[in-house]
Structures are given as structure tokens and as C-alpha cells.
There are 2 protein chains.
Amino acid sequence: MCGIVGYIGQLDAKEILLKGLEKLEYRGYDSAGIAVANEQGIHVFKEKGRIADLREVVDANVEAKAGIGHTRWATHGEPSYLNAHPHQSALGRFTLVHNGVIENYVQLKQEYLQDVELKSDTDTEVVVQVIEQFVNGGLETEEAFRKTLTLLKGSYAIALFDNDNRETIFVAKNKSPLLVGLGDTFNVVASDAMAMLQVTNEYVELMDKEMVIVTDDQVVIKNLDGDVITRASYIAELDASDIEKGTYPHYMLKETDEQPVVMRKIIQTYQDENGKLSVPGDIAAAVAEADRIYIIGCGTSYHAGLVGKQYIEMWANVPVEVHVASEFSYNMPLLSKKPLFIFLSQSGETADSRAVLVQVKALGHKALTITNVPGSTLSREADYTLLLHAGPEIAVASTKAYTAQIAVLAVLASVAADKNGINIGFDLVKELGIAANAMEALCDQKDEMEMIAREYLTVSRNAFFIGRGLDYFVCVEGALKLKEISYIQAEGFAGGELKHGTIALIEQGTPVFALATQEHVNLSIRGNVKEVAARGANTCIISLKGLDDADDRFVLPEVNPALAPLVSVVPLQLIAYYAALHRGCDVDKPRNLAKSVTVE
Amino acid sequence: MCGIVGYIGQLDAKEILLKGLEKLEYRGYDSAGIAVANEQGIHVFKEKGRIADLREVVDANVEAKAGIGHTRWATHGEPSYLNAHPHQSALGRFTLVHNGVIENYVQLKQEYLQDVELKSDTDTEVVVQVIEQFVNGGLETEEAFRKTLTLLKGSYAIALFDNDNRETIFVAKNKSPLLVGLGDTFNVVASDAMAMLQVTNEYVELMDKEMVIVTDDQVVIKNLDGDVITRASYIAELDASDIEKGTYPHYMLKETDEQPVVMRKIIQTYQDENGKLSVPGDIAAAVAEADRIYIIGCGTSYHAGLVGKQYIEMWANVPVEVHVASEFSYNMPLLSKKPLFIFLSQSGETADSRAVLVQVKALGHKALTITNVPGSTLSREADYTLLLHAGPEIAVASTKAYTAQIAVLAVLASVAADKNGINIGFDLVKELGIAANAMEALCDQKDEMEMIAREYLTVSRNAFFIGRGLDYFVCVEGALKLKEISYIQAEGFAGGELKHGTIALIEQGTPVFALATQEHVNLSIRGNVKEVAARGANTCIISLKGLDDADDRFVLPEVNPALAPLVSVVPLQLIAYYAALHRGCDVDKPRNLAKSVTVE
């Protein structure tokens with residue numbers, strides 16, 4: 001997943017591009033580069049590593065009013081100077097940046113570039129070389145660009161410079177996110193509106209298989225048959241301060257702390273004038289009338305879906321399956337007669353989930369997207385959207401989007417229950433409010449969490465999180481948090497499954513975190529803790545007030561047990577944060593990762 | 001999960017008990033002990049560690065014609081001399097061995113043993129002390145034993161000596177497996193017929209909440225109301241040589257090698273006289289007519305169920321859900337109207353699965369058990385049984401039972417498809433035969449597997465197995481194999497999920513095994529391999545002939561892609577075996593584990 005920016009206007013492009021790339025660094029930070037165009041030609045600056053490393057190599061003396069830029073998460077070819085974008089064609093005429101995966105780049109290389117010596121192992125360089133081959137064969141740039149696009153299989157968001165026409169940026173998109181931003185005397189290009197909020201909040205959405213000719217005073221959108229398309233612009237709801245760290249050392253800590261506020265925003269947003277929880281009527285009906293619901297997500301969103309399934313089944317009495325998007329799309333199970341698909345994606349751009357959305361829409365099924373980004377691809381292409389109202393989530397390790405997804409799923413399940421004439425037995429508005437307060441209390445106990453992280457995780461190379469039912473689902477999320485940012489090999493397990501193999505890994509001192517917030521499995525999970533303790537594990541029981549025992553390491557404030565996940569995850573988020581901090585890891589941008597995964 | 005033996009007859013009991021315990025060591029090997037009774041009294045010998053360690057402390061000069069014995073897998077209290085069984089009551093009159101978990105032992109301690117000083121932290125000692133309290137209170141032994149049994153909550157298989165009546169062994173069972181074996185001048189007790197094949201193959205099954213008074217010439221079964229129960233005996237189908245290692249250094253290697261023979265036995269057993277695959281008519285109908293099938297299993301059986309789901313959905317067009325037993329039993333999802341439950345359990349004694357069987361039978365649903373042990377609890381208590389015909393599986397790490405479960409599920413799915421008028425498009429008998437030959441060819445390439453294990457796993461502390469669809473399901477099994485016996489922290493992942501967090505764990509040299517046997521995901525899994533290789537992973541691609549690339553590390557013989565799991569798992573079994581061997585681990589009896597998990 002890479003980030004792309006472009007600017008063409010009256011100001012010096014370099015600083016606008018670099019600031020834009022910094023906002024997109026969450027999308028990938030293996031290497032970065034920019035190309036700027038002025039009378040002398042096209043100047044490329046690129047470097048392995050972060051934008052800060054790129055800034056070191058950009059020549060401040062090169063003034064240019066147009067430029068394109070890229071920050072990379074390597075899919076093909078290791079992170080290196082050579083593989084960094086922009087890539088240039090053999091004769092240097094064309095310069096290109098690309099986000100996505102061109103699946104047939106090997107065939108294109110064999111078919112069109114027999115006698116072209118490639119400088120890198122990237123799929124991207126193949127694209128820019130093929131464009132030049134078609135121009136060498138007599139086509140105009142736009143025509144050569146269009147012809148190349150029609151040959152590409154896979155996902156792309158592309159910005160292209162032609163050295164012979166430096167007042168234009170050629171842009172195109174398929175599957176990967178890309179927007180055009182509008183200004184009075186300039187126009188911009190960006191993978192995410194956040195990158196160009198610095199200069200404009202007016203954007204135009206691009207659809208798959210469209211190309212755009214961008215100059216400083218004109219934006220022409222065309223389909224791949226060359227027909228011009230007109231489309232209204234929209235104002236991005238974001239405000240710049242939303243995406244600043246403020247006094248926090250890391251976005252992750254800021255976003256962990258924002259969870260109580262997000263809870264209250266969700267309660268307030270989804271209450272009607274009588275204080276009753278409500279969602280748009282057609283969404284409530286779609287959930288209530290489905291004969292089976294399929295929740296689709298990846299990583300943390302998949303984990304939130306596991307919790308959401310319990311709510312919809314327990315309250316709305318509709319059976320639910322939860323699937324990892326990349327597995328569902330290639331191995332679709334037998335579907336029920338009248339399914340509803342719920343897509344969970346913080347960014348609304350997750351490629352694996354989008355692949356499933358395209359499939360199920362083609363089968364004529366209904367889809368609801370629950371996302372944090374209005375106007376995102378998954379939101380636009382679904383029948384319904386519910387927003388998380390969590391505000392931008394910048395840190396790669398998701399925190400507030402996870403608890404927001406669970407809260408919105410709880411609201412949805414309770415409204416659907418109501419529609420099915422089922423009383424869930426408690427006042428969800430009140431209980432969500434109590435959970436928000438409990439989260440706040442936990443966020444104030446950071447010292448305690450830091451102490452637990454120090455006590456259990458200072459030297460350990462692995463850690464286990466065990467729980468049953470809802471606790472198990474939070475354990476796999478807690479393990480993912482720790483794994484992602486501290487590189488400790490953490491795994492979440494159903495307590496009952498340890499005996500069937502994994503307990504062999506337990507040695508003297510192995511840290512085992514156990515969640516005990518569900519009464520009906522309290523005895524059994526404590527039995528599992530005894531089994532690992534009997535084999536030398538360093539156990540840390542985190543229990544819910546009312547189910548706590550004397551030697552539990554931490555007791556969570558009392559909340560409705562169904563909402564315990566909203567509360568029990570907060571210590572695990574903070575423990576992971578401090579474990580990473582103590583190890584000197586880059587908490588907001590862990591190695592190998594990117595925020596939104598927009599490639600399959 | 002512990003193993004229990006008892007003998008009362010004319011011969012010296014010690015050697016019979018010790019040999020019996022050796023056969024049960026697969027059930028637990030933290031500590032072991034025996035108690036033998038003669039004119040001088042009851043002599044207890046116990047020791048931490050293996051039966052070999054116990055042999056060191058048994059006094060050869062003590063002659064006794066009756067005895068009870070136990071080999072332990074610690075659930076309460078660490079493995080130690082103190083916690084080893086047998087346990088004796090305060091005044092030494094009663095001596096007891098127990099397999100199971102007494103959930104309310106803390107309450108019993110508080111209620112009945114206020115002024116008794118306990119010597120260990122085990123739930124077992126509480127039972128023997130309570131019995132003595134009731135006898136001190138004036139009850140006869142049998143009455144005190146019965147009263148104690150009625151108070152116990154949880155699972156137990158118990159053998160008890162009363163020093164004042166040394167010609168009797170008092171036995172009782174609930175949920176944990178226990179059999180009585182019959183002989184002319186003796187009788188025996190055993191958790192598994194295998195233990196006492198040395199002296200008899202005639203056994204009587206015991207049901208839950210029954211107690212038995214065993215003397216050398218009489219076996220009296222009673223329920224907990226004291227009513228005598230008569231029950232016919234049966235002949236155990238096992239033959240002693242089945243359970244010998246023969247020339248193999250380890251059972252695991254022997255059982256891995258037996259897989260081709262087991263395949264052919266399954267093909268032959270499930271063919272009718274016209275060579276057509278068939279299962280008992282009522283089973284085929286139950287599968288074909290179910291509106292949804294729920295496959296329940298733990299550990300390796302759960303992994304086999306993930307593969308079986310694909311067959312039943314693809315061929316028989318019946319939707320399937322696969323669940324971990326311990327999660328299902330405490331968090332049952334919404335069930336369909338006309339479900340069929342399929343229980344996978346090599347031993348037929350898995351407590352977690354049995355808990356679910358009891359629940360669903362109480363709801364009036366139908367259940368099919370697929371197991372390797374005829375007459376086992378799960379087989380007896382289900383409506384239908386299909387046998388694996390794999391022969392005893394002694395090694396803790398399951399190999400041939402896994403592939404046998406997949407093969408039997410394939411047979412079942414194809415017969416159900418036939419019943420639903422669906423042609424699966426190929427001759428399963430022929431394709432299973434080809435798979436058996438391919439397995440055989442792989443078993444002959446042990447040197448190659450040892451080389452791969454040496455190349456990738458000699459120093460590594462962790463390893464990843466990545467695949468998509470059927471390959472992903474084999475990867476989680478491959479990871480479990482490696483984890484269980486080599487203590488390398490191995491995890492199996494869906495290729496598409498790595499980018500969503502786990503890829504952060506990939507460092508220079510991290511071993512990543514990738515399976516590529518499914519054409520429709522071949523491009524994507526190879527893309528995932530590139531992503532981890534770009535971050536320094538030491539990748540090992542194992543592909544299916546016909547989908548192979550030049551730089552794949554190992555190419556599997558060509559088989560029908562649907563049956564690829566039967567073939568692709570063999571290299572992973574052997575790689576795990578050699579990795580464990582190179583590290584000097586106890587392959588057949590890995591630490592912390594036991595073969596069949598008969599406690600929840």
C-alpha cells in the first residue's frame with residue numbers, strides 16, 4: 001500500500017508534496033520519492049526509508065510548479081533506492097509513481113520489453129517502460145497511456161509526467177484509491193484527502209478504469225474509451241487539526257485515549273430525538289430480514305466482527321458468520337438464500353474486502369459498509385453505510401476504530417432486535433455510557449499498564465493471550481496489537497484449545513495473559529490458567545469486577561458483561577504500547593506494515 | 001488427562017500395572033505411581049517424571065496380588081512427587097487414583113475438611129479425604145464412596161483401595177473414560193483397553209455415574225442409587241502388535257509412514273460390492289438431508305474439519321460450519337432448523353467434544369462421530385459412527401488420524417453428493433488411490449525432508465506457514481505439528497492476512513513455509529511470498545506438480561487438487577519430526593501434552 005501525491009499550480013511543488021507524503025506515511029514507509037518538473041526538465045529525488053530521509057536528498061534550489069510523489073510499502077522487490085518510486089522509462093522521457101499490484105507485469109515484460117533493460121524488479125517500472133515503447137511506436141502520450149492501462153491486470157493508482165509536456169499530470173486509477181483535489185490556480189492528486197487538506201478540502205472522486213488529464217487550471221476525466229466524464233466535487237469533512245499528534249508522543253496513545261469520547265459520539269449520533277437508538281430504517285430492516293449475515297473484515301476489523309456476531313445472534317436472533325476477506329473472496333462458502341453482507345473497514349479502502357464486495361454485488365446481494373471514512377470506496381460501492389465517527393485514525397495499530405466498530409455493531413444489533421420484537425434485557429444507551437466511563441478510568445491508569453508491560457514483557461520473546469468466548473475474541477486482538485508494534489511473537493488462543501497442542505510452548509516464565517470477564521466460563525478459564533501455571537507460565541489474570549479473585553493482576557471496572565470487550569481491550573492496547581516503547585520500536589509506524597491495506 | 005490401571009488376581013500386580021501404565025503414558029507423563037495391597041497393608045510407590053522413573057522406586061520385594069496405578073498430566077498443582085497419585089487419606093486407610101477435574105473441590109474442602117491438613121494442592125486428595133471423613137462418621141466404605149461421588153461436580157475415573165478390605169478395588173466413573181477387563185482368575189481396570197491387552201481382550205463398558213466393586217472373581221456394577229446393573233462384555237478389536245514401535249525409533253515416524261496403508265484400508269472399507277463408495281444408508285441420508293452441518297473438533301481434528309467443510313459444501317451442497325469444541329459448548333451459535341453434528345475425535349474420548357455431544361443430544365439433534373476407537377464414549381453416545389480404520393495412534397502428535405479423518409470426510413461428502421443427485425466430477429476412489437501412492441512416494445523422501453528441516457529450522461525460534469484456502473487449513477496443521485514436538489513457535493496464517501499485522505514479525509532469516517497447491521490462488525500466495533521475502537524471510541515454497549515454479553523448494557507429486565491436503569501435509573509432518581529430532585526433543589511425548597484430552 002503506497003501513498004501518491006501530485007501538485008500542479010503556481011507555488012513551489014516540493015514542500016507541498018513532502019508535507020502531503022508525510023500525511024500518507026501511514027500507508028507505507030519503506031522508501032519515498034518525488035519528481036518535479038520545470039523548464040530544465042524533470043528532476044527525480046528518491047531515497048530508501050522515511051520522508052525525513054527523502055528530505056535530506058531533495059535539492060532546495062530546484063524550483064518547480066508541478067510534481068508527483070510516492071511513499072512505498074514494498075510488494076515487489078525489497079525496499080531499496082533502486083525499487084523506490086518514481087520510476088523512469090529507458091530514454092528518461094516518462095516518470096511515473098504507482099500504488100497497487102500489476103498481476104501480469106511478467107507477461108507484459110516478455111511481450112513488450114524484450115530489448116529493454118530494466119533497472120529494478122518492480123511491476124511499476126514495467127508500466128512506464130511500456131508507455132514509452134508505445135510512444136516510440138508513434139502514439140501520442142495520452143493514447144499510449146490509455147493503451148497501456150487497458151493491458152494492465154490488477155490494481156493501480158498512477159501519476160505520470162511526460163518530459164515533452166511538463167504542464168500536465170496524467171493520472172489513472174483502478175481498485176486503488178485516488179482523488180483529484182481542486183483549487184483556484186492549482187489542482188492536486190492524492191491517495192487520501194488527508195494529504196492535501198493543507199491546500200484544499202474540495203475533491204472529486206475517481207472511479208475504476210478512469211484517467212484524468214490534470215493541468216493547473218483544468219481537470220478532464222475520461223474513461224478508457226476516451227469519453228469525457230463530468231462529476232461533481234465534494235467537500236472533505238476532515239479538519240487539519242484532526243490529524244495532528246498535539247501533545248501526544250504517538251498517535252496510538254492519542255487514539256487510545258480518544259476512545260471514551262468516540263463512544264459518547266456514537267451514542268449521541270445513533271440516538272433519535274426520543275433518546276432511542278436508531279439507524280436508518282432500510283439498514284435496520286436489511287439486518288432484521290436477512291436469513292443470515294456475513295461479516296467480512298481483515299485483521300483488527302475481523303476481530304471486531306467476531307464480537308459483533310455475538311450481539312447480532314444474541315439480541316437480533318439472526319445467524320451470523322464472520323470471515324477473513326482474503327479467504328472468503330477466493331473460497332466463498334455456500335451462501336444462504338437471503339444474506340446480508342456487512343463490511344468492516346476503518347479506511348473503507350481495504351482491497352481484500354473490496355474484492356468480496358464486488359463479488360457479492362455481482363451476485364445481487366445487499367451490502368452494508370461500516371467505516372470511518374465517508375466517501376471511501378467500500379462506502380460508495382455498498383448499498384448502505386454506517387459511519388464510526390471515530391475521527392481519523394493515523395497509527396497503524398488500530399485502537400479507537402476497533403472499539404467504535406464494536407459499539408456500532410452493538411447499536412445495529414439492538415435496533416434489529418427491536419425490529420424483530422425482541423427486548424435485549426437492558427438499556428444499551430446507559431450501558432454504553434458506563435462502558436465509556438470505564439474506558440476513561442482505564443486510560444487514567446497508564447502507570448499501572450506500563451508496570452504490567454515491564455513486569456511481563458521486558459525480556460520475553462513471546463506471549464500468550466487466553467480467553468473463552470468474548471474474552472477469546474479480545475485476546476486475539478490483544479495479541480495482534482502486541483505483535484504489530486513490539487515484534488513480540490504473541491498469539492491469542494481459546495483457553496480450551498491450549499491442551500490440544502500449544503501448551504507445549506509454555507516454559508518457565510512464558511507470559512500468559514488471561515481475560516476473565518464472562519461468568520459462565522470463569523471456572524474453566526481459571527482452570528486453564530492453573531494448567532499453564534503448573535508448567536511455569538508467568539500468568540497475568542485481568543478480570544471483571546464481580547468475577548475477580550484475590551490474586552488477579554488487574555481488575556476492570558464493572559460493566560455489562562456483553563460490553564466487556566470495549567473495556568478489556570484497553571489494558572491490552574496500553575500494555576502493547578508500553579512494551580513497544582520499552583523496546584524502542586516505532587510505535588506509530590511498525591516495520592513491514594502500512595495503515596490501510598489497499599493491495600490484495 | 002491421566003491414565004488409570006488396576007489389577008486384582010493371582011499374579012504379582014506390580015509388573016502388570018507398570019506395563020499397563022507404559023501403554024497409557026501417551027495420556028500423561030508428568031508423574032506416576034502405584035499402590036499394591038498384600039497382607040502387610042497398602043504400599044505406595046510414586047515418582048515425578050516417567051514410568052521409567054517410577055520403576056526405579058518400586059520395591060521388587062513387595063509381593064501383592066492387587067494394585068492400582070496412575071500416570072498423570074497435571075491440571076491442578078505442578079508435576080511433583082507430592083501431587084503425584086495415588087493419594088492417601090489422613091489416617092492412611094484409603095488410597096485413591098483419579099483421572100478428571102473435580103470442579104467443586106474448593107467448596108468440598110471448605111465444607112468437609114475444615115480440620116484436615118491436606119498434603120497436596122490436588123483436587124484428587126480432597127476426594128480421598130472426604131471418603132475417610134464419611135467412614136469416620138460411621139458409614140461403610142461402599143456407602144461413603146457412593147455419598148462422596150454424589151457430591152462431586154466435574155469429571156472422574158477413580159480406583160480406590162480400603163486398607164481394611166484389601167481384596168476389593170472400588171471403581172467409579174463420570175465423563176472420564178474407564179473400562180473393566182475380565183479374566184478367569186482376575187479382573188482389571190483401565191482408562192483404555194490398550195493398557196490391559198497384555199492380560200485380556202474382554203471388557204465391559206462403564207457408563208457415567210456408575211460404580212463397580214471389583215474382586216478377583218467378581219465385578220458388580222451399580223448406579224449411584226445402589227441398584228445393580230448387568231451389562232454384556234465385548235471383545236476389544238485391538239491386537240498387541242498394533243501398539244508396538246517395531247523397528248521405528250518413534251511412533252510418530254511409524255504412524256506417518258502408515259498413512260498410505262490407512263488410505264487404502266479406508267478406500268477398501270468404504271467400497272460396496274460394485275466398487276462404489278458407500279456409507280450406511282442412514283448416515284448418507286442424515287448428511288444429505290441436513291440444512292446445515294456443524295463439524296466439532298479440537299486441535300488436529302478441528303483442522304481436519306476445516307478441510308472436510310470444503311468437500312461437503314463443494315460436493316454435497318450442504319452448508320457447513322466448523323467449530324472448536326471448547327468454544328462451541330460455552331458459546332453455542334444460533335443453530336439451523338435441521339442440523340447434523342459431526343464429531344471428529346481420534347480417541348473418541350475428547351472431553352470438550354463430548355460436552356458438546358451431550359448438549360446437542362439434549363436438544364434432540366442428530367450426531368455422527370468419526371473416530372479411530374470403536375466403543376469409545378463419543379462413538380457410543382452418538383447416533384451414528386464412522387471409523388477411521390487407522391489402527392492405534394500412540395504418538396501425541398497426530399498424523400495418520402488427520403489424513404484418515406480427511407479421507408473419511410471426503411468419502412462421506414461424495415456419498416451425500418450422490419444422494420443429492422450431484423456428480424462431483426471425478427472418480428474419488430481412483431483419486432484417493434493416486435493420493436495414497438503420492439503419500440508413499442513422499443514417505444520415501446525422508447532425507448529431503450530432513451535436509452529442509454536442517455536448512456530452515458536448525459536455529460530458528462519461530463516459523464510461519466502461509467497458504468490460502470485448503471492450503472491455509474494444512475498450514476495451521478503443519479504449524480501445530482512443529483509447535484507440539486519441537487517447541488518452535490510456529491503459526492499458520494491465511495496468506496492474505498499477513499499484511500494486516502503479523503508481517504511485522506518477519507525479520508531477516510525468519511523461516512516462512514508456503515503451500516501452493518491451488519491454482520485459483522497460486523498468483524496471490526506467490527505475491528504474499530514475495531512480500532515476506534522482500535522483508536528478509538527465508539521462504540520455502542512447497543507446490544503441487546503442474547503449479548510449480550523453478551525456484552520452489554519442493555514439488556509434490558500430482559494429485560487431484562481437492563485432495564492436495566492429504567499430500568501436502570506429509571512433508572510438514574516429516575519436517576516437524578526432524579526439527580524436533582535435531583533439537584533432542586522427546587518426539588512421541590512432548591512436554592506439557594497428552595494424547596487424548598479427556599478433561600475440559
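Just so we're clear, the structure is a prediction, and the values are computed from it rather than from any experiment.

Novice: So what about the packing of helix 9 (residues 299-316) of chain A against helix 13 (residues 400-419) of chain A? Which residues, and what values?
Specialist: All names here are of chain A. Helix 13 packs onto helix 9 with a crossing angle of 20° between their chain directions and a minimal axis gap of 9 Å. Taken together, the axes of helix 9 and helix 13 lie roughly parallel to each other. As for the relative orientation of helix 9 and helix 13, their crossing is right-handed in sense. Residues T300, S301, H303, A304, G305, V307, G308, Y311, I312, W315 and A316 of helix 9 touch helix 13, and the partners they reach there are Y402, Q405, I406, L409, A410, A413, S414, A416 and A417. Tallied by class, the residues present in the contact of helix 9 with helix 13 amount to 13 nonpolar, seven polar and no charged.

Novice: Give me the lowdown on the domain arrangement of chain A, citing residues and values where you can.
Specialist: For chain A, the assigned domains read domain 1 (3-241), domain 2 (246-442) and domain 3 (445-583). The straight-line distance from the C-alpha centre of domain 1 of chain A to that of domain 2 of chain A is 33 Å.

Novice: Account for the UniProt feature "active site" in chain A, with residues named and values stated.
Specialist: All names here are of chain A. Following the UniProt record, one finds the feature "active site" at C2 and K595. Position of C2 among the secondary structure elements: in the segment before strand 1 (3-8). C2 gets classed as buried once you look at its relative accessible area, which sits at 6%.

Novice: Describe the interface of chain B and chain A, and please don't skip the residues or the numbers.
Specialist: Of the residues lining the interface, 70 residues belong to chain B; the matching set on chain A comes to 71 residues. Both sides of the chain B and chain A interface together cover about 6000 Å² of buried area, and 53% of this is carbon and sulfur. For the chain B face of the interface with chain A, the top three residues by lost area are L334, Q489 and H500 of chain B, together amounting to 12%. Measuring nitrogen to oxygen at the nearest pair gives 3.0 Å for the salt bridge that ties E321 of chain A to R292 of chain B. At the junction of chain B with chain A, the criterion picks out 21 residue pairs in polar contact (both at pLDDT 80 or more). For the side of chain B that touches chain A, the elements supplying multiple residues, two or more each, are helix 9 (299-316), strand 17 (320-324), helix 10 (325-330), strand 21 (462-467), helix 16 (470-486), strand 22 (489-494) and helix 17 (522-533) of chain B. Split into classes, the residues belonging to the side of chain B that touches chain A amount to 29 nonpolar, 19 polar and 22 charged.

Novice: Report on the sheet that holds strand 16 (residues 292-297) of chain B, specifying residues and quantitative values.
Specialist: Residues and elements named next belong to chain B. If you walk across this open sheet you meet the five strands as 17-16-18-19-20, and the pairing is parallel. Unpaired on one side and paired on the other, strand 17 and strand 20 (384-387) mark the two borders of the sheet. Across the sheet, the mean angle separating the axes of adjacent strands is 20° when strand polarity is ignored. In terms of strand pairing, strand 16 meets strand 17 through five bridges, oriented parallel. Within the sheet, the bridge partner assigned to G297 lies in strand 17 and is V324. Its contacts with the sheet put helix 9 on strand 16, strand 17 and strand 18 (339-345), and the angle it makes with strand 17 is roughly 175°. Strands strand 18, strand 19 (366-371) and strand 20 of the sheet are contacted by helix 13 (residues 400-419), whose axis makes an angle of about 155° with strand 18.

Novice: Describe the relation of the copies chain B and chain A, and please don't skip the residues or the numbers.
Specialist: With an RMSD of 0.1 Å, chain B superimposes on chain A once it is rotated by 180° and translated 0.0 Å along the axis. Here the transformation between the copies is reduced to the relation of a two-fold axis. Mapped onto chain A, 100% of the interface residues of chain B are again interface residues, and the two copies thus contact each other with one and the same surface.

Novice: Would you mind going over helix 5 (residues 141-151) of chain B in detail, with residue names and values included?
Specialist: Here helix 5 of chain B has its buried residues at T141, A144, F145, R146, T148 and L149 of chain B. Lining the buried residues of helix 5 of chain B we find strand 6 (94-99), helix 4 (123-136), strand 7 (156-162), strand 8 (165-174), strand 12 (210-214) and strand 13 (219-223) of chain B.

Novice: Kindly report on the side chain of H250 of chain A, identifying the contributing residues and their values.
Specialist: Considering the arrangement of structural elements, one finds H250 of chain A in the loop between strand 15 (234-235) and helix 6 (251-257). Its relative accessible area of 16% is what places H250 of chain A among the buried residues.

Novice: Which residues make up the packing of helix 16 of chain B against helix 18 (residues 564-582) of chain B, and what values go with them?
Specialist: If you want to describe how two helices pack, look at the angle between their axes and the distance between the axes. Residue and element names in this part refer to chain B. Relative to each other, helix 16 and helix 18 sit at 20°, their axes nearing to 9 Å. For the element pair helix 16 / helix 18, the angle class is roughly parallel. For the pair helix 16 and helix 18, the crossing hand works out as right-handed. Of the residues in helix 18, those touching helix 16 at L470, V474, E477, G478, K481, L482, I485 and S486 are P565, S568, V569, L572, Q573, A576, Y577, A579 and A580. Considered class by class, the residues forming the contact of helix 16 with helix 18 number eleven nonpolar, four polar and two charged.

Reading the values: rules and limits
- Residues numbered from 1 in each chain as written.
- Chains lettered and ligands numbered in written order.
- Predicted model: local features only at pLDDT ≥ 70, side-chain atom pairs only at ≥ 80, totals over all residues.
- Heavy atoms only, no water.
- Axes fitted to C-alpha atoms, helices over the stretch in contact; angles between N-to-C directions.
- Helix = DSSP H or I, 4+ residues; strand = E, 2+ residues; numbered from the N terminus.
- Parallel < 35°, antiparallel > 145°, perpendicular 65-115°, else oblique.
- Left-handed = near helix turned anticlockwise from the far one by under 90°.
- Contact = heavy atoms within 4.5 Å.
- Nonpolar A, V, L, I, M, F, W, Y, C, P; charged D, E, K, R; others polar.
- Domains from an automatic or database assignment.
- UniProt positions renumbered as here; feature names shortened; annotations may be inferred.
- Buried < 20%, exposed > 50% of the residue type's maximum accessible area, 1.4 Å probe, protein only.
- Buried area = accessible area lost by both parts, 1.4 Å probe.
- Salt bridge = Lys/Arg side-chain N within 4 Å of Asp/Glu carboxyl O.
- Polar contact = N/O pair within 3.5 Å; in protein donor to acceptor, adjacent residues only side chain to side chain.
- Pairing = 2+ DSSP bridges.
- Least-squares fit on C-alpha atoms with pLDDT ≥ 70 in both.

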